[in-house]
Amino acid sequence: MSTDNKPESSATPSTVESSTAESSDTASSATAQKQGGTQTPAASSKPATGSLDASLSAKAKKTKKPAGAGTAGASATSATTTASVTRRNRIIAIVALVVVIAVVAVFLIARRGTNVNSGTNPNANAAATVPVDDAEITIGMVLSPTNLDIRTQSGSSLDQLLIGNVYEPLVSRDENNAVQPGLASSWDVSDDGTVYTFHLNSGITFSNGDALDADDVAWSISELENNQYKDYDAIANYESVEAVDSDTVRLTLSAPYSQLLWNLTGRAGLVFDQDASYDAKTQAIGSGPYLLEKFTANDSAQLTANKDYWGANKAQIGTVTIKYYSDANAAINAIRSGDIQTLSGFDYTQISPLKDEGFNVEAGDDTDKMVLAFNNARSPLNDIRVRQAIRYAIDEDDIIAARGGVDTALGGPIPSLDPGYEDLADLYPHDVDKAKELLSEAGYGADNPLKITLTYANIYSSEIGDALTSQLADAGIELTVNQVEFSTWLSDVYTNHDYDLSLVDHNESHDFSQWANPDYYYGYDNAQVQEDYTKALASTDESETDGLLAQAARQVSEDAAADWLFNFRVVSVWSGKVQGFPVNMNQAYLPLWQISLLQG
């Protein structure tokens, strides 16, 4: 359960679940390839025209006239010399042309500014970037951690700040949410899917200089399980972990678990220094490319480049400050004034004017699902006809357009970045007449209208509630909206299941387990869905896992267990000097090492 609070103006409000209860990792191949990640050199070398000219001149001086040559020999030598000069001039001309093209290319890139390819580092010319020691950036975000103890404190803001930046997991993920090598350069999986053997990179060190080896990995996982730290259940079917040697770790399960690798990209896979002593609530000692310099709860965090970082993902900016804003206007004024250079997490309609002021504005893919939850376990929502009528009555495209048109239609419980995704947006197209017909079959009409209540936390804006009230009214449904404090929502809706409809942004990846759990606050109970999900978790075949998840997700949507209003896309803003700002999934995964600053 995430306890992060988010302002009403925010487009990425608190999430209900921050623990990863399941994962359908598609990277169950026997061996992973070594991580890519091209790094920009510290400086570019000068064009080599001067050296080439000197070489050609030296060769000309060494050319000797053949012994005993007469006039004919002289003529031949003259012709040879002329040809050599001609060739030399052509070479010089070609080299000069290449240099001119290179200079023009750098100039055009600098003028054009950032061209972000989500999650990648677009730097191709280190000469155009500010040196690491001189580079500073302040990044504006919304959700702030209350403390830094990532083993006990919930909330995606901790993941955003620390994972991949200060602490590193055994395996990592890329901008498309796929598993990649991390501290482990490769891994092997037994044929029965129960034994994972991880091979660590060499020369890994923590920021305090201690070596990171297999003993630290085994200790971290053992501590996670024995103390039941946050996300300990992400290693389902856990049996044991051991250091085979200093560079090899063996993790054994009692039964296959297809989501293990993806789960290890998060908190469950983080490796800590077993010999270090520090206050984890205010300090951090990890192996990542950044060091935690300073943390002020609910205000800011400052990171500095780890100059002794062991890996390829070296920091390109010396000092990074994350500044947290609860008010959109304050954040927007800060980026306009230059106090911050990037901003992410606010509603598109609020920050879209910045596009006309020279800022880059881009929406990134994410796993957030804005769910209109139905209480499937009690009347009147236990009638599938009522649930279907509500889905037909809602015009998701209209809601998306009102939010600026950057979000995408979803139609089901699995977003595009997760395994098992299928576009289900057309299962229930907007059809008011169909909605009325179903309501009539269920016994509702003009003389007996369906009356239901929408209860949701006031951390979300009222606009969606207003839109739903209007749309459902067109189908003859009387909707009462009740916005409450988040703590009240947790008690009444999430815990006691006392509601008709609710509205929640479920931002977790790989969270389909909600729909296979009849005790979850949705009250949805379908034996076939539960069976398909169980099989998906136990499968050792990637394609089979995806197929079973997709099949289960379609069934959930066909049953109208909820309505998925949209797949939320996080909008980010940055100034023209910023390069490589990650736009995909940046509310939970923000690889700061990808960011650099242009000179000028």
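Numbers given to residues run from 1 along each chain, matching the order in which its sequence is written. Predicted model: local features are reported for residues with pLDDT of at least 70 only, side-chain atom pairs are reported and counted for 80 or more only, and whole-chain, interface and lining totals are derived from all residues. Side-chain measures were taken over the full set of non-hydrogen atoms in the model, leaving aside hydrogen atoms and water.

Student: Describe in detail the overall build of the protein, supporting the description with residues and values.
Tutor: Looking only at helices and strands, the protein has 14 helices and 20 strands in total. For every residue, the accessible area (1.4 Å probe, protein chains only) is compared with the maximum for its type, and the residue is labelled buried under 20%, exposed over 50%, or partly exposed between those bounds. Per-residue burial for the protein yields a buried fraction of 54% across its 600 residues. Taking as baseline every contact in the protein between residues at least 6 positions apart, the subset at least 24 positions apart corresponds to 73%. Taken as a whole, the protein presents about 24900 Å² of accessible surface, with 47% of it coming from carbon and sulfur. Here a helix means four or more residues in a row that DSSP labels H or I, a strand means two or more in a row labelled E, and each is numbered from the N terminus. Any pair of residues with heavy atoms lying within 4.5 Å of one another is described as a contacting pair. Each accessible area is a Shrake-Rupley estimate made with a 1.4 Å probe; only the visible protein chains count as cover when residues are assessed.

Student: Please provide a residue-by-residue account of the sheet that holds strand β14 (residues 450-457), values included.
Tutor: Two strands pair if DSSP finds at least two bridges between them. If you walk across this open sheet you meet the five strands as β15-β14-β16-β13-β17, and the pairing is mixed. Looking at strand neighbours, the two that pair on one side only are β15 (477-484) and β17 (562-567), the edges of this open sheet. Strand-to-strand twist in this sheet, taken as the mean axis angle between neighbours without regard to direction, amounts to 25°. Axis lines are fitted through C-alpha atoms, for helices just across the contact stretch, and the angle between N-to-C directions can take any value from 0 to 180 degrees. Here helix α12 (residues 486-495) sits on the sheet in contact with β14, β15 and β16 (501-506), set at roughly 130° to β14.

Student: With reference to specific residues and values, describe the pattern of salt bridges.
Tutor: Here the idea is simple: oppositely charged side chains can pair when their charged atoms come close. Note on definitions: salt bridges are taken to be side-chain nitrogens of Lys or Arg within 4 Å of carboxyl oxygens of Asp or Glu. Taken as a whole and judged by the stated rule, the model has 17 salt bridges. When the shortest N-O distance is used, the salt bridge between E242 and R250 registers 2.9 Å. R385 is paired through a salt bridge with D383; the nearest N and O atoms lie 2.9 Å apart. Given the relative accessible area of 30%, R385 is considered partly exposed. Where salt bridges share partners, they join D347, R403 and D407 into one cluster.

Student: Describe the sheet that holds strand β5 (residues 195-200), with residues and values.
Tutor: Sheet architecture is open: four strands sit in the order β4-β5-β7-β6, paired in antiparallel fashion. Looking at the sheet topology across the chains shown, the edges are occupied by β4 (184-189) and β6 (238-245). In this sheet, adjacent strand axes meet at a mean angle of 20° when their direction is disregarded. Where helix α4 (residues 214-227) meets the sheet, its contacts fall on β5, β6 and β7 (248-253), and the angle it forms with β6 comes to roughly 165°.

Student: Tell me about empty space enclosed by the protein, and please be specific about residues and values.
Tutor: For cavity detection a 1 Å grid was placed over the protein atoms alone, and a set of points counts as a cavity when a 1.4 Å probe fits there but cannot get out; an open set counts as a pocket when protein lies on both sides within 12 Å along at least five of seven lines, with lining residues being those that have an atom within 4 Å of a point. Grid points are joined across faces, edges and corners, and a volume is the space filled by probe spheres set on the points. Considering all chains together, one arrives at six cavities of 30 Å³ or more under this definition. Roughly 70 Å³ of internal volume is contained in the second largest cavity. Lining the second largest cavity we find I150, R151, S220, I221, L224, Y229, K230, R267, A268, L270 and F272. Of the residues that constitute the lining of the second largest cavity, the class distribution is seven nonpolar, one polar and three charged. Basically, the charged four are Asp, Glu, Lys and Arg, the nonpolar ten are Ala, Val, Leu, Ile, Met, Phe, Trp, Tyr, Cys and Pro, and anything else, Gly included, counts as polar.

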